[in-house]
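# A structural walkthrough
Residue strings, one per chain:
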Amino acid sequence: VRATRGGEEVRGYVPSMGQIFLRRFQMVTQFRQALEEGQISVHYQPKVSLPSKQVLGVEALVRWQHPEFGRLDPDEFVPAVEAAGLIGVLTGFVLEQSLIRVRKWMDEGLRIAAAVNLSVRNLADTDFPAKVVEALRKFDVPPELLTFELTESGVMADPQKALPILRELHALGIVLAVDDFGTGYSSLAYLRQLPVDEVKIDKSFVLGMGTDLGDLAVVRSIVELGHSLGLTVVAEGVEEDIARDQLEAMGCDVAQGYLISRPLPEDRLEAWLQARTARSVSRQTEAVLTL
Ligand code: C2E
Ligand code: MG
Ligand code: MG
Ligand code: MG
C-alpha cells in the first residue's frame, strides 16, 4: 500500500488473505517447538484490592516472541492454537508456570493467587479437572490460590458440556471468574446459574467511564449486580486515577490495569512486588516515627 503524507511517500504493509492464512498455518505448526524453545512465556499482571491496595493475585497472560513475526498477541495466536486442538498444551503450560510462581511466593510467606484464562475448548475436555488436581498436588498449592477466568460466550457456546466441568472445578475449591462481563449476552438470570465467585467488568466500560455516562452506568450496575449475587467484582482496564477513585467509591472490590502495573515478565514482577513491599514497610516506619 502506498500513500503520500506531506509530500513524503509512506509505505504501509497490509497482508493479503494468503499471507494471513500462511501466518496462521505457521503459528499452528510451530507452536509445540516454540514452547520447547522458550519463545512462549507468561507475563503477570497484579490485581489489587480496593481500597487497601493489597496485592491479592496476578493474572497470567501468555506471550509469544516469534523469531520472524516478532511479538504476537494472544488475541492473534490463541484462536489458532485452539482451532488446531492444541489449547490443552497451552493451558497446561500457563497453569504450570503460574503454580510455580504461587508456590515460590508461598515459600516466601506471601499469599498471592494466580488467575489463568481458560478457553471454551478446555471445558470440553472431561479430564480437565483431574489434570488440574494433579497440577495442584504437584506444586502443593491450595485450590483457593488458583482462579480460572472464562468468558460468558465461552460458557454459553456449549453449556451442556461446560457446566458440569465448571461445577467440578468449583467443588474442588478453585475460584471461578467471568471475564469481559458486559460484552456478551450477559444477563442476571444467566449469571445466577453459573458456579462463579468473581465477575470482571470488561475494560471497554472501565476505559470509557470517565467520559461516557453510559459506560459509567454499566460499571455501576455491574458492581451492584455482582454484589447482590455475593460475587467479588473486579474492574480491568484501570488506567487513570479518576477511574480508580470512582470504582473505589462505588465499592468495586478489586482493580487491575496499567495504572497499577502492566503485565510483567516474572523477573520484573518480582522487582515490582519488592519495591511495593519496601514502600509499604517504610510508610509504616514513618507512621511509627511520627507518632
Ligand atoms: P483478558 O483475559 O480480558 O485479559 C486482559 C487484557 O487486557 C490483557 O491483554 C491485558 O494486557 C489487557 N490490559 C490490562 N490492563 C489494561 C489497561 O489498563 N488498559 C488496556 N487497554 N488493556 C489492559 P492481552 O494480554 O493482550 O490478552 C488478551 C486476551 O487474550 C485476554 O483477555 C485473554 O482472553 C486471552 N489470553 C491471554 N492469555 C491467555 C491464556 O493463557 N489462555 C487463553 N485461553 N487465553 C489467553
Ligand atoms: Mg482474563
Ligand atoms: Mg477481560
Ligand atoms: Mg479479553
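Quantities reported herein were computed from a predicted structural model and do not represent experimental measurements. (Residues numbered from 1 in each chain as written. Chains lettered and ligands numbered in written order. Predicted model: local features only at pLDDT ≥ 70, side-chain atom pairs only at ≥ 80, totals over all residues. Heavy atoms only, no water.)

When helices and strands are counted, the chain shows 11 helices and 11 strands. In summary, the chain has a C-alpha radius of gyration of 21 Å against a globular reference of 19 Å for 291 residues, a match within 12%. Taken over the C-alpha atoms alone, the chain extends approximately 65 × 55 × 40 Å along its principal axes. Within the chain, buried positions represent 44% of all 291 residues. Taking contacts inside the chain between residues at least 6 apart in sequence as the whole, the part at least 24 apart equals 65%. Each charge class in the chain can be summarised by its mean position, and for the 30 positive and 41 negative side chains these summaries are 2 Å apart. (Helix = DSSP H or I, 4+ residues; strand = E, 2+ residues; numbered from the N terminus. Rg over C-alpha atoms; globule rule 2.2 N^0.38 Å. Buried < 20%, exposed > 50% of the residue type's maximum accessible area, 1.4 Å probe, protein only. Contact = heavy atoms within 4.5 Å. Lys, Arg positive; Asp, Glu negative; His and termini not counted. Charge placed at Lys NZ, Arg CZ, Asp CG, Glu CD.)

Let us now look at the environment of L118. By secondary structure assignment, the location of L118 is in the loop between β6 (113-117) and α4 (128-139). Given a relative accessible area of 12%, L118 falls into the buried group. Once the C-alpha coordinates of L118 and D73 are considered, the two residues, 45 residues apart in sequence, prove to be 16 Å apart.

On to the packing of aromatic side chains. This model, assessed by the stated rule, comprises 3 aromatic pairs. Measuring from ring centre to ring centre gives 5.4 Å for W64 and F77, while their planes differ by 85°; the resulting arrangement is edge-to-face. Remark: F77 occurs in helix α2 (residues 74-83) and W64 occurs in strand β4 (residues 55-66); sequence separation between them is 13 residues. A residue is classified by how much of its surface remains accessible, and W64, at 0% relative accessible area, is buried. (Phe/Tyr/Trp six-rings, centres within 6.5 Å; stacked < 30°, edge-to-face > 60°.)

We now examine the coordination of the magnesium ion (ligand 2). Those protein atoms acting as donors to the magnesium ion (ligand 2) are E59 (OE), N117 (OD1), E149 (OE) and D179 (OD), and they sit at 2.0 to 2.3 Å. Counting the intervening residues between successive donors of the magnesium ion (ligand 2) yields the motif E-x57-N-x31-E-x29-D. In this structure, the magnesium ion (ligand 2) is positioned 4.4 Å from the magnesium ion (ligand 3), and both are ligated by D179. Here E59, found in strand β4, pairs with E149, found in strand β7 (residues 146-151); they are 90 residues apart in sequence, far enough to count as distant. For the pair shown, E59 and E149 are each scored as buried. (Donors = N, O, S within 2.8 Å, 3.2 Å for Na, K, Ca; no water.)

What follows covers helix α1 (residues 17-36). Look at α1: 29 Å from first C-alpha to last across 20 residues, which is about the 28 Å you get at 1.5 Å a residue. Along its length, α1 shows its largest kink, about 55°, at Q30. Those residues of α1 lying buried are Q26, M27, F31, A34 and L35. Summarising the contacts, the buried residues of α1 are in contact with β3 (40-49), β4, β5 (70-72), α2 and α3 (87-107). Positive backbone phi, at 80°, marks G38, one or two positions downstream of α1. (Expected span 1.5 Å × (residues − 1). Bend = angle between axes of the 7 residues up to and from the residue.)

To continue, consider the nonpolar core. V132, L146, F148, L169, I201 and L247 are the most contacted members of the largest nonpolar core, which has 83 residues in total. Looking at this core, the element that brings in the most residues is α3, giving 8 residues. Contacts of L169, omitting those with residues within four sequence positions, involve L118, F128, P129, V132, F148, I174 and L176. (Core = buried A, V, L, I, M, F, W, Y, C linked by side-chain atoms within 4.5 Å.)

Moving on to a nonpolar patch on the surface. A cluster of nonpolar residues, F21, L22 and F25, forms a patch on the protein surface that exposes about 360 Å² of accessible area. With respect to the helices and strands, F25 occurs in helix α1. (Patch = residues over 30% accessible without salt bridge, like charges linked within 9 Å, V, L, I, M, F, W, Y side chains within 5 Å. Areas by Shrake-Rupley, 256 points an atom, 1.4 Å probe, with all protein chains shown as cover. Salt bridge = Lys/Arg side-chain N within 4 Å of Asp/Glu carboxyl O.)

Between the first and last C-alpha of helix α6 (residues 159-171) there are 17 Å, a value that for 13 residues agrees with the 18 Å anticipated at 1.5 Å per step. Taken from the residues just after α6, G173 is the one with a positive phi, measuring 100°.

This paragraph deals with the site of ligand 1. Every one of the 24 residues lining ligand 1 counts as a neighbour, but R63, N117, D179, E239 and Y258 are closest to it. Within the side chain of D180, a nitrogen or oxygen atom sits 3.0 Å from an oxygen atom of ligand 1. Within the contact set of ligand 1, a nitrogen atom lies 2.5 Å away from a side-chain nitrogen or oxygen of E239. Surface burial for ligand 1 is 88%, taken as the share of its 800 Å² of free accessible area covered by protein chains. Elements represented by at least two residues in the shell around ligand 1 include exactly β4, α2, β8 (175-181) and α8 (203-208). (Near = heavy atom within 4 Å. Polar contact = N/O pair within 3.5 Å; in protein donor to acceptor, adjacent residues only side chain to side chain.)

Further remarks concern the packing of helix α9 (residues 213-228) against helix α10 (residues 241-250). The geometry of α9 relative to α10 is characterised by a closest axis approach of 10 Å and an angle of 40° between their N-to-C directions. Crossing of α9 over α10 shows right-handed handedness. Contacts between α9 and α10 involve L216, V219, R220 and V223 from the first element and Q246, L247 and M250 from the second. (Axes fitted to C-alpha atoms, helices over the stretch in contact; angles between N-to-C directions. Left-handed = near helix turned anticlockwise from the far one by under 90°.)

Glancing now at the side chain of E236. Here E236 lies in the loop between β10 (232-235) and α10. Of the residues examined, E236 reaches a relative accessible area of 8% and is grouped as buried. Aside from chain neighbours lying at most four places away, what touches E236 is D179, D180, K200, I201, D202, K203, V206 and Q256.

None of this, on its own, says anything about what the molecule does.
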